[in-house]
Amino acid sequence: MALHGKRKRISHILTNSQIPNSQSTLPCTPQNGTFSQEDGRSGRFVEGSILRITMQNFLTYDHSEVFPGPHLNMIVGANGTGKSSIVCAICLGLAGKTAILGRGDKVSLYVKRGCSKGSVEIELYRAGGNLVINREIHVENNQSVWMMNGKHSSQKAVEEAVRELQIQVGNLCQFLPQEKVGEFAKMSKIELLEATEKSVGPPEMYNFHCELKSYRTKERDLENLCKEKANFLEKAKQRNERNKVDVERYHMKRRHLDRIQMLDKKKPWVEYETARKELEEVKKQREEMKKTAKSLKEAQAPLLRKIQSIDNKLQPIENQMKEKTIKIREASQKCKQKQDHLDRKYKEIDDIKQALSLKQTEEADRQKRIGNTKRLIQDLQRDLDNMGSQEDVTPKIEAVNTELRRIQEEKARLDGERQDLRRDKDEANGELRRLQSRQRSLEDMMNRKEEKLRSRFPDTHSAVLWLRNHRDLFEGNVYEPMMLVINVRDSQHAKYIESHIPVNDLRAFVFQKQQDMEKFMTEVRDKQRLRVNSVIAPAESCANRPPSRPIDSLKRFGFFSYLRELFDAPEEVMSYLCHQYKINDVPVGTEKTKSMIETVIKESQLRMIYTADEKYTVKKSAYSNKTISSNSALRPSQFLTMAIDAEERQHLEEQLGAAQQQVQKIDARMKAAEEQQVKLERRDNELRTEKKHLSEVKGKKRQLEQRISTKQDSLRQMEQGGINLQEAEEEAKTKISHVNDQKVAIVEEILNSMKFRARLSMEKVFLALESAGLTAEKTKLESDLRDGSAELRRAEQVFTELDQRKTSLLGTCKNLMRRASDICNMNPGETVVPEILRTAFSELPDTLDEIDAMLSEERARAECFTGLSETVVEEYNKREKEIKNMEKELEEKTNALNTYRQNISEAKERWLNPLKSLVEQINEKFSNFFRSMHCAGEVDLHSENEEEYDKYGIRIRVKFRSSTQLHELTPHHQSGGERSVSTMLYLMSLQELNRCPFRVVDEINQGMDPVNERRVFDIVVKTACSGNTSQYFFITPKLLQNLTYADEMTVLCVHNGPYMLPPNKWNDKAFIRRVKRRTDQ
């Protein structure tokens, strides 16, 4: 390396960044941070080379400055330190698109996380004064602020300035970022040619190529257009020749049509004259009829005046009759109301009489009932007197009652016992049904789990079936696969268990004893050829091993449990999982844990952590003691969402047996109680029959005494409840007399209303007679008026018809005049036939019949010329013009085609010869590079058709083994390392030819084997450091040992991380002295 030259450049230490996680130590510029034209080293840079790159809050950097050399720049650093960040800074700082980098699609994603903005500043060498481009990126709106040489600018202006310096960050031949290395081999031959032209060809080469493609496209269009026009011209000439006879026949037909047109013009004038004469005659008749109607109308005026006088007299009479009618209706309504009132009074008298009648009937019934009661009392007293003394049965009845009470108490006791037994049986049956339902549910869950096991691991399922049938062969406990015996308490936690325990262990059988496991595996794996897994539980149980710290100490981080507390399993299974996977010491957290995961990792010192949806694994580097964490998303549970506890199942079976025995015991006790109940019912019936007989004997006398007493009380009540009929009759008469007085008053009002109505009716009759006389007189006058009006109407009708005929003829005349004028093309208001038409009309017939006859004859002759129209002549004439225009246009297009062919020939010569020379130079260098590696490769210009300029392309063919042929470089034929070697050597072939100021290649050596990597590195050093080549950036995370370096190289070591020194404490000279001292030792 050129250490002496570098000592001059490494003379300034960055002092504006003290943040420990983003430091870099790179060669620096003079104190002002910008190269001047007098700087000695700037003379070795080509136009557009990068002098300085400054990054502020960009990707992994808080602040860093990079000062590359003029030739090969090796950027070396471990993965993640920020090498590719420099590549991103070059691309985005020179107005490149984010799609070129293949990372984020938004420019704001390139700002360091947690910062609101970041910036990139690039200083480019330019002979007339360096160009400093600054891009400030704002996260909030994803926008950029551009500056050039300290002045605000636009992105378009920056792109134009970059383009003037021949910088093409979108060209893979110049700028090949890490994510795009694989795409170089995917470029088609055409794309590779265009990229090569832009990168190393003269500035006009790509323009000539584009011009050629454009010329060729236009040439094809002109050729097709000339062919189309020549074909169309020939067809037009042939068609016009065929239509020439039709044109002559059309002119003959036109002469007949002209005569028909002239006859059509004269015919309206003849029709107008005829209509005008008829109109004059109708006008004369109309005036005569108008005079006749006027005289008739004057004779009817006296009659109309008399009729009007009678109408004036009739109107008041009719109004008075209407008033009388209304009053008569009101009087009738009043009479009806009074009559209804009178009817109600009659009904009121009937109600009073009916009430009196009811009282009389009621008193008669009372006297009758008193007599019947007295006779019944005498009969009962007689029966009581006839009864003698009898034995007292009261002690016997009391003895029977005592026995009955005892039986009732026993029955009540049995009923209570039976109810208790029925209740106990219902409870026992309910418990039995619940246990049976739970058993079916467990069986269904077990069947579903077994079905899932059978579908996913059929061999394991077959082994389970065999184990169930041969469990007696084993001495210790043998458990079915863990996925069948693990019972997750909450199905939402199943994902943690499945993420922690591998599937191979979930489907493994668990054995307590080693000999049982060997016996099992011999049978199912060796004999039955089943692929199964099995594990053995630790000799000393670990199931209850305590965690390293209580869960309460971790709850502040959001942890709520260890994995072991999330599920149940047999002791041996739990012991194995605690021993193998430390489930007793792996905590499970929530979203709170995820939100503070960095604090959790730093403070808790846990090696494995589960949050709500992620699993974190924490490791500590053995070299740097640095904590490294990785996380992965938890997958949904597949097997443990339906877990069955074997102990619960066994306990359930024991409970089922106990419940069935309890039901049987209750049934036996209920049967015994029912038999005892039957015996008591039988004895109860016997005692009740005996008691009934004794009660009848004892109660007969008492019943007679009670009945006599009851009837006597009833008799006294009936005697006291009598009615005074005399007072009731007097009260009824008084009420009837009062109602009759009211009826008399109502009748008087009715008579007065009827008299008033009769008087109004007589007055209405007198008015009707007077109206009838006037109406008869009016009728006679109207009859006389109708007779005179009939004659007047006839006269008026004739007048109207004549007037309508006059109007119709007038309109007809106007229409005929207008039609005649229109046909003759006369001006509006002009009524005299033009002289030229009058002369033509004089040669034609003067009557309508003669004109119609001649029209028929001329039309018949014209119709003989069928299939002809004016369009035939128009098309003929139009086509004649088109033929002339087409001949002229065809001549112009032919001349233009010849001109394009001449231009294509000249452009092809300007483009193709330099291109072939350029490809030969590239091929020579490419072949030499491959030959130096004991391989073969060539580059040629490929085209299937020399005239199709858009199909030209550069073909790369390589051979890495002597036993094979040359094969075209494709994304599929060669290996990744071979493609990387080919890509690198092609780019190096362009290096000395390159007109671009710099080239960037990021980690292209990753897929190479050490031999090819060393050879390629030697070629890169030799090519990039020889002569006046452009700047070259080679980014790699590692280099082979004992490589050959050149003095012109610049090695940029990226030091970035939390344990690096800040730039202001870094001493390059001291570092070099220590390296030399170690080398000397």
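Residues numbered from 1 in each chain as written. Predicted model: local features only at pLDDT ≥ 70, side-chain atom pairs only at ≥ 80, totals over all residues. Heavy atoms only, no water.

Along its length, the protein chain carries 25 helices and 24 strands. Counting only residues that meet the buried cut, the protein chain has 41% of its 1081 residues in that class. Long-range pairs, those at least 24 residues apart, make up 75% of the contacts in the protein chain with a sequence separation of at least 6. Within the structure as shown, the protein chain displays about 61,800 Å² of accessible surface, and the carbon and sulfur contribution to it stands at 48%. (Helix = DSSP H or I, 4+ residues; strand = E, 2+ residues; numbered from the N terminus. Buried < 20%, exposed > 50% of the residue type's maximum accessible area, 1.4 Å probe, protein only. Contact = heavy atoms within 4.5 Å. Areas by Shrake-Rupley, 256 points an atom, 1.4 Å probe, with all protein chains shown as cover.)

Right, let's talk about the sheet that holds strand E2 (residues 61–66) for a bit. Pairing is antiparallel across the open sheet formed by six strands, whose spatial order is E2-E1-E4-E5-E6-E7. Where the open sheet ends on each side, the last strands, each with one partner, are E2 and strand E7 (151–153). Taken pair by pair, the neighbouring strands of this sheet meet at an average axis angle of 15 degrees, ignoring direction. Against the sheet, helix H4 (residues 155–164) contacts strand E5 (131–138), strand E6 (143–148) and E7, and its axis sits at roughly 50 degrees relative to E6. (Pairing = 2+ DSSP bridges. Axes fitted to C-alpha atoms, helices over the stretch in contact; angles between N-to-C directions.)

Let's shift gears to the packing of aromatic side chains. One pass over the structure, following the stated rule, counts ten aromatic pairs. Ring centres 6.5 Å apart and planes at 20 degrees place the aromatic pair Phe58 and Tyr110 in the stacked group. One end of the pair, Phe58, is in strand E1 (residues 50–58); the other, Tyr110, is in the loop between helix H3 (98–101) and strand E4 (117–124), and 52 residues separate them in sequence. Overall, the relative accessible area of 0% leaves Phe58 in the buried class. Where Tyr496 meets Tyr610, the ring centres are 5.8 Å apart and the plane angle is 70 degrees; that geometry is what we call edge-to-face. One end of the pair, Tyr496, is in helix H12 (residues 494–500); the other, Tyr610, is in strand E16 (residues 608–610), and 114 residues separate them in sequence. Of the residues examined, Tyr496 reaches a relative accessible area of 5% and is grouped as buried. (Phe/Tyr/Trp six-rings, centres within 6.5 Å; stacked < 30°, edge-to-face > 60°.)

The next thing to look at is a nonpolar patch on the surface. Taken together, the side chains of Met762, Val765, Phe766 and Leu769 define a hydrophobic patch exposed on the protein surface, amounting to about 420 Å² of accessible area. Overall, Leu769 belongs to the exposed group, its relative accessible area being 57%. (Patch = residues over 30% accessible without salt bridge, like charges linked within 9 Å, V, L, I, M, F, W, Y side chains within 5 Å. Salt bridge = Lys/Arg side-chain N within 4 Å of Asp/Glu carboxyl O.)

As a further point, take the pattern of salt bridges. Evaluation of the coordinates by the stated rule reveals 36 salt bridges. We note a salt bridge from Asp340 to Lys336, for which the minimum N-O separation is 3.5 Å. Of this pair, Asp340 and Lys336 both sit in helix H8 (residues 301–386), separated by four residues, roughly a single helical turn. Given the relative accessible area of 31%, Asp340 is considered partly exposed. A salt bridge links Arg413 to Glu417; the shortest N-O distance between them is 3.3 Å.

Glancing now at the packing of helix H10 (residues 458–469) against helix H14 (residues 514–527). Describing two packed helices takes the angle between their axes plus the distance from one axis to the other. Interaxial distance between H10 and H14 falls to 11 Å at its minimum, and their mutual angle equals 130 degrees. When the axis of H10 is compared with that of H14, the two are oblique. Crossing angle aside, the handedness with which H10 passes H14 is right-handed. Residues Ala463, Trp466 and Leu467 of H10 form the contact with H14, whose own contacting residues are Phe520, Glu523 and Val524. (Parallel < 35°, antiparallel > 145°, perpendicular 65-115°, else oblique. Left-handed = near helix turned anticlockwise from the far one by under 90°.)

Turning our eyes to something else, we now look at the sheet that holds strand E21 (residues 967–968). Within the open sheet, the three strands sit side by side as E19-E20-E21. Their pairing is antiparallel. Bordering the open sheet on either side are strand E19 (936–942) and E21, each of which pairs with just one other strand. Direction of pairing for E19 relative to strand E20 (residues 953–959): antiparallel, over a ladder of seven bridges. Of the residues in E20, the one forming a bridge with Glu938 is Arg957. Along the sheet, helix H22 (residues 870–932) contacts E19 and E20; its crossing angle with E19, the most-contacted strand, is approximately 170 degrees.

Right, let's talk about a positive patch on the surface for a bit. Where like charges cluster on the molecular surface, the positive patch consists of Lys1069, Arg1073, Arg1074, Arg1077 and Arg1078. Structurally, Arg1078 is set in helix H25 (residues 1068–1080). (Lys, Arg positive; Asp, Glu negative; His and termini not counted. Charge placed at Lys NZ, Arg CZ, Asp CG, Glu CD.)

Confidence along the protein chain averages 78 in pLDDT terms, with 87% of residues attaining 70 or more. Mean pLDDT in the protein chain bottoms out at helix H1 (residues 3–9), which sits at 34, and peaks at strand E11 (residues 508–511), which reaches 94. A low-confidence stretch, residues 1–34 (pLDDT under 50), is modelled with 87 contacts involving residues beyond four sequence positions or located in other chains. Across residues 36–41, where pLDDT falls below 50, the model places eleven contacts with residues more than four positions away in sequence or in other chains. (pLDDT = per-residue confidence, 0-100.)

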